[in-house]
Amino acid sequence: MSNDAAPAHDDGVGIVDPKSDPQYIQFRCLPPGGQLNRWSHIITREHDFPASQAMLYGAGVPNEDMMKNAPHVGIATIWWEGNPLSREVINHYTHDFSTHLLEFGKIVKRGVEKQKMLAWQYNAVGVSDAITMGGEGMRYSLQSRDLIADSIETVTCAQHHDANISIPGCDKNMPGVIMAAARHNRPFIMIYGGTIRKGYSQLLERDVNVSTCYEAAGAFTYGTLHAKTNAGSAGRTPSDVMSDLEQHACPGAGACGGMYTANTMATAIEAMGLTLPGSSSYPALSPEKARECERAAEVIKTTMAQDIRPRDLLTRAAFENALVITMILGGSTNGVLHFLAMANTAEVPLTLDDVDRASNRTPYLADLAPSGKYLMEDLYKIGGTPAVLKMLIAVGLINGDIPTVTGRSLAENVKDWPSLPAEQKIIRPLSDPIKDSGHIRVLRGNLAPEGAVAKITGKEGLRFEGTARVFNKEHELDAALSRGEIPRDRNLVLIVRYEGPKGGPGMPEQLRASAAIIGAGLKNIALVTDGRYSGASHGFIVGHVTPEAAVGGPIALVQDGDTVVIDAVQNRIDVTNIDEAALLARKEGWKPRVAKVRRGALAKYARLVGDASHGAVTDQWDS
């Protein structure tokens, strides 16, 4: 949505941005095709805002020429200590020290200044899903996406920045910066913080990653975790294995290494044209990642000169690309939630039905974790995301004509990239897919009349029928698993409810439970929730059930002993032992739970957030 350019003020200062959305504050700017300080010019021209200029001199503007003519570029690093995404580490590729995302921002800042522009570095907050998983802190995870979007929108607009370069690492951070870009709609580039290296367990004698820790916890509880050799001897007990994993699963900086949510979002956003080629597959500590940061300043100047805006790139075709590559690579169900939110913010029509259609027509090709063998570091070694995109463009699955931040088309960006090696084993040929259609299935039925999202690769089968066992919060299931109370002798559908966007509050991920079930070898289990699962989750799992329990959705009415059928062929999820009248009778006896969280960020989130089937956004009202 955009409005025609308004006439200039009587003082002749700029026009209303013709690419702005009237649902937001309207900022005046210089017309395109001239000076690049289009928005900052409003406060730096002549002496209209003398106190603003005084503050900018105090902040580091070096001289009057730069004050009057230099564009202002905001550099948003989603950085904080206490997470591998941003720790100070030895760079194992270049043998120097870096502070990862914070240091990447400094590299970008130096590059921007070399281009004779003013660079203003700042950070937005983040949450580590892996650290908070299974605890109350996880409730803050999804809401941090919208908090990041709010933060970057706020700084970009309030400070009159002419462009933004965002450097996120974890999963929610990426949709957060894209949502911010769609709001402020000023020239923009995203730089992905990059993937972590593999870990190695001396006792298991194999490569490991953070997801291994969660699955090992299940095996530990159920007595099936053992060192590969001399199990049980001194220093090789199950407890020793756990300690070994905890100390070696995350050997340095970077996002979780499988096709979990971070790498899902990074590859999708690259396929949408919002990053430089290779951004999503360069490891965090690779020399290529540092060079990407150096190049970003030159490219952001191109986007400014050519007036390339986020909403020019956030098109229906771009979102189709995102869905296709997510299906090809076996990406996270969280991607669905985030794509819906990004599209909602950019005013691009996108629904669960579109996700369903993309899944139905797209094969699943990648042998990547969590369901497969390889990690993003392995994909990088055979050409990375650009090589995959090049192949998919050639066969017509990806639209190579979409524009990108470089000023060239996606196809032009990857044209000279090496092709996937013939002998590689990570990306299967189209003639021999892992699954003929996508692994992400949109389910509907009397349990989820407004939709649910399942990750079903086919390895666990395509249909599951079991007896419901109901848990009103995630911690109840976690406790049952810790006590070894989930049996192996019958099919169970474990229902975890009151964990949706409003009911959680915060729609927490439930990797602790899903991974423990995999680790324990409980193959007789399906999981269903109105909350989320991690990108590292796999098995027969269904999340994002809508309407959620907190608003009286049918998931609130399921009882222990009900029969639940999940059918990934018919795309149905139903309680089959009762009819509609019985469900209505249960609904009449249902009473909403009194919200325990009454103040603070999560209380505000619960009041504002929409449902999962529309992306769980917080800035949209019905009237």
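That block above? That's the structure.
What this report covers is the structure whose coordinates are included nearby. (Residues numbered from 1 in each chain as written. Predicted model: local features only at pLDDT ≥ 70, side-chain atom pairs only at ≥ 80, totals over all residues. Heavy atoms only, no water.)

Another aspect to go through is the side chain of E499. Inspection of the secondary structure assignment puts E499 in the loop between strand 14 (492–496) and helix 20 (511–519). At a separation of 2.8 Å, a polar atom in the side chain of E499 contacts the main-chain amide nitrogen of E474. Among residues more than four places away in sequence, those in contact with E499 are R139, K473, E474, G504, M507, P508, Q510, T529, D530 and G531. (Helix = DSSP H or I, 4+ residues; strand = E, 2+ residues; numbered from the N terminus. Polar contact = N/O pair within 3.5 Å; in protein donor to acceptor, adjacent residues only side chain to side chain. Contact = heavy atoms within 4.5 Å.)

Below, the discussion takes up the environment of P71. Following the sequence through the fold, P71 ends up in the loop between helix 3 (64–69) and strand 3 (72–77). For P71, a relative accessible area of 6% puts it in the buried group. Taking the C-alpha atoms as reference, P71 lies 45 Å from D367; in sequence the two are 296 residues apart. Dropping the residues within four chain positions of it, P71 is found in contact with L36, N37, S40, K116, M117, L118, D162 and M304. (Buried < 20%, exposed > 50% of the residue type's maximum accessible area, 1.4 Å probe, protein only.)

What follows deals with helix 22 (residues 600–608). Residues of helix 22 that are buried: L602, A603, Y605 and A606. What you see down the axis of helix 22 is that its buried residues fit within an arc of 160°, all on one side. Of the exposed residues in helix 22, the ones pointing more than 90 degrees away from its buried face are K604 and R607. (Arc of directions from axis to C-beta.)

Here we come to the packing of helix 7 (residues 173–184) against helix 14 (residues 334–345). Contact pair helix 7 / helix 14: the axes reach a minimum separation of 8 Å and the direction vectors enclose 10°. Classified by the angle their axes make, helix 7 and helix 14 are roughly parallel. Residues P175, I178, M179, A182 and R183 of helix 7 form the contact with helix 14, whose own contacting residues are H338, A341, M342 and T345. Of the residues in the contact of helix 7 with helix 14, the class split is six nonpolar, two polar and one charged. (Axes fitted to C-alpha atoms, helices over the stretch in contact; angles between N-to-C directions. Parallel < 35°, antiparallel > 145°, perpendicular 65-115°, else oblique. Nonpolar A, V, L, I, M, F, W, Y, C, P; charged D, E, K, R; others polar.)

Along the chain, L323 falls in helix 13 (residues 316–329). Considering only alpha carbons, one finds L323 and M66, 257 residues apart in sequence, at a separation of 43 Å. Other than its neighbours up to four places away in sequence, L323 contacts F339, L350, D354, V355 and A358.

Relative to each other, helix 19 (residues 474–482) and helix 20 sit at 25°, their axes nearing to 9 Å. Taken together, the axis directions place helix 19 and helix 20 in an arrangement best described as roughly parallel. Between helix 19 and helix 20 lies a crossing whose hand is left-handed. Packed against helix 19, whose contacting residues are E474, L477, D478, L481 and S482, the element helix 20 presents R512, A513, A516 and I517 at the interface. For the contact of helix 19 with helix 20, the residue count by class is five nonpolar, one polar and three charged. (Left-handed = near helix turned anticlockwise from the far one by under 90°.)

What follows concerns the pairing of strand 12 (residues 452–455). Because side chains alternate across strand 12, one face comprises the buried residues A452 and A454, and the other comprises V453 and K455, equally buried. Sheet topology note: the strand 11 (residues 440–443)/strand 12 ladder contains four bridges and is antiparallel. Note on strand 12: the bridge partner recorded for R441 is A454. One ladder, built from three bridges, connects strand 12 with strand 16 (residues 540–543); its direction is antiparallel. (Pairing = 2+ DSSP bridges.)

The quantities given are spatial measurements derived from coordinates; they are silent on function.
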